[in-house]
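The residues making up each chain are set out below.
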Amino acid sequence: MRAMILLGRGYEEVEALTVVDWFRRAGLEIDMVSVSDELETVGDHQIHIQADKRLAEIDPSDYDLIVTPGGMPASKQLAEDSAVLELVQSHHQAGKWLASICASPLILEAAGIASEAEGTCYPGIEEKVHFKEHKEDLVVVDEEAKLVTSRGPATATYFALRLVESFAGEEAASDLKQALLLDRVEASLVDHA
């Protein structure tokens, strides 16, 4: 399994890096792909991150999953980028997985995919993204559409965890939860509820 995460100008850093970090901890391959001509990318909060590759130099057939982090203006930029839309559409038509979080389901809308799927997004974005069924869950998995969506920065943990579970298995996801102490955080929240 190999994934790519698309980095435009002004992406939400926590959403991007959580997925990359958790994939690599779980032994999954993921490439950070810059959609510009430069490898250096800049997130929404002026954090500079060096991408692994440029979009122009990848072979899309090498990838099983495309992930799009949210953030502005990156989500809007990617939704207006014909190369990105063509990539996402062909990936979807090939029956491969897509994952979008926060405002990045705008890309799914622009690619004509949102209306075929159940999904979620950042509050208020659902007015621009017309899912077949919008849900309020933190993470929504539509197996038929091969789509995973999530709400925003604070849900990036569960978004990444669900992707790890889908591609590395339940045991890998459980091991990751324990290693990151997420299981303890969840137990503490239950104990103090």
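- The chain goes by 4-methyl-5(B-hydroxyethyl)-thiazole monophosphate biosynthesis protein in an unreviewed UniProt entry, where it is assigned to Aerococcus sanguinicola.

**Considerations on the nonpolar core**
Phase 1: If you look at the biggest cluster of nonpolar residues, it comprises 34 residues, and the most contacted ones within it are Ile 5, Val 19, Phe 23, Leu 65, Val 67, Phe 159 and Leu 163.
Phase 2: For this core, the secondary-structure elements that each account for two or more residues are strand E1 (2-7), helix H1 (13-25), strand E2 (29-34), strand E6 (65-68), strand E7 (97-101), helix H5 (156-168) and helix H6 (170-179).
Phase 3: If sequence neighbours within four positions are ignored, Leu 163 has contacts with Val 19, Phe 23, Leu 65, Val 67, Ala 99 and Val 148.

**Remarks on the side chain of Ser 100**
Phase 1: With respect to the helices, strands and loops of the structure, Ser 100 is situated in strand E7.
Phase 2: On the basis of relative accessibility, which here comes to 2%, the residue Ser 100 falls in the buried class.
Phase 3: With residues up to four places along the chain from it excluded, the contact list for Ser 100 reads Thr 68, Pro 105, Leu 108, Val 148, Thr 149, Ser 150 and Phe 159.

**Here's the deal with unusual backbone geometry**
Phase 1: In this structure, the amide linkage connecting Met 72 to the following residue, Pro 73, adopts the cis form with an omega of 10 degrees.
Phase 2: Tracing the chain through its elements places Pro 73 in the loop between E6 and helix H2 (74-79).
Phase 3: One non-glycine residue with positive phi stands out, namely Cys 102, at about 65 degrees.
Phase 4: Turning to its location among the elements, Cys 102 is positioned in the loop between E7 and helix H4 (105-110).
Phase 5: The backbone of Leu 181 shows a phi angle near 70 degrees, a positive value even though the residue is not glycine.

**Quick look at the UniProt feature "domain: DJ-1/PfpI" (unreviewed entry) in the chain**
Phase 1: On the UniProt side, "domain: DJ-1/PfpI" (unreviewed entry) is annotated at positions that read residues 1-165 here.
Phase 2: Between the C-alpha atoms that bound residues 1-165 there is a distance of 12 Å. The span itself is 28% helix and 25% strand.

**Focus: empty space enclosed by the protein**
Phase 1: Under the defined criterion, the tally for this structure stands at one cavity of 30 Å³ or more.
Phase 2: Here the largest cavity is characterised by a volume of approximately 40 Å³.
Phase 3: Lining the largest cavity we find Ile 66, Thr 68, Val 88, Leu 98, Ala 99, Ser 100, Ile 107 and Leu 108.
Phase 4: Looking at the lining of the largest cavity, the elements with two or more residues in it are E6, E7 and H4.
Phase 5: When residues of the lining of the largest cavity are assigned to their parent elements, the largest contribution, three residues, is made by E7.
Phase 6: Grouping the amino acids of the lining of the largest cavity by side-chain chemistry returns six nonpolar, two polar and no charged.

**Focus: the sheet that holds E1**
Phase 1: Read across the sheet, seven strands follow the order E5-E2-E1-E6-E7-E11-E10 without closing on themselves; strand pairing throughout is mixed. Edge positions in the sheet fall to strand E5 (53-54) and strand E10 (139-142), since each has one partner strand and no second.
Phase 2: Strand direction decides the pairing type here: E1 and E2, joined by six bridges, are parallel. Bridge pairing links Leu 6 to Val 33 in E2.
Phase 3: Sitting on the sheet, H1 touches E1, E2, E6 and E7, and the angle it makes with E2 is about 150 degrees.

**Some points on the pairing of E2**
Phase 1: In terms of residue burial, E2 counts as a mostly covered element, since five of its six residues are buried.
Phase 2: Assessed by its sense of winding, the connection that carries the chain from E1 through H1 to E2 is right-handed.
Phase 3: Two elements, E2 and E5, share two bridges in a ladder whose sense is parallel. Counted as the bridge partner of Ser 34 is Arg 54 from E5.

**Details of the state of the cysteines**
Phase 1: This model, assessed by the stated rule, comprises zero disulfides.
Phase 2: The thiol of Cys 102 is unpaired, and the distance to the nearest cysteine sulfur, on Cys 121, comes to 8.7 Å.
Phase 3: Classification of Cys 121 by relative accessible area gives buried; the value is 0%.

Here is what the cut-offs are and how they apply
Residues numbered from 1 in each chain as written. Predicted model: local features only at pLDDT ≥ 70, side-chain atom pairs only at ≥ 80, totals over all residues. Heavy atoms only, no water. Core = buried A, V, L, I, M, F, W, Y, C linked by side-chain atoms within 4.5 Å. Buried < 20%, exposed > 50% of the residue type's maximum accessible area, 1.4 Å probe, protein only. Helix = DSSP H or I, 4+ residues; strand = E, 2+ residues; numbered from the N terminus. Contact = heavy atoms within 4.5 Å. UniProt positions renumbered as here; feature names shortened; annotations may be inferred. 1 Å grid on protein atoms, 1.4 Å probe; cavity = no way out; pocket = protein on both sides within 12 Å on 5 of 7 lines; lining within 4 Å. Points joined across faces, edges and corners; volume = space filled by probe spheres on them. Nonpolar A, V, L, I, M, F, W, Y, C, P; charged D, E, K, R; others polar. Pairing = 2+ DSSP bridges. Axes fitted to C-alpha atoms, helices over the stretch in contact; angles between N-to-C directions. Right-handed = clockwise from strand over helix to strand, strands pointing away. Disulfide = S-S within 2.5 Å.

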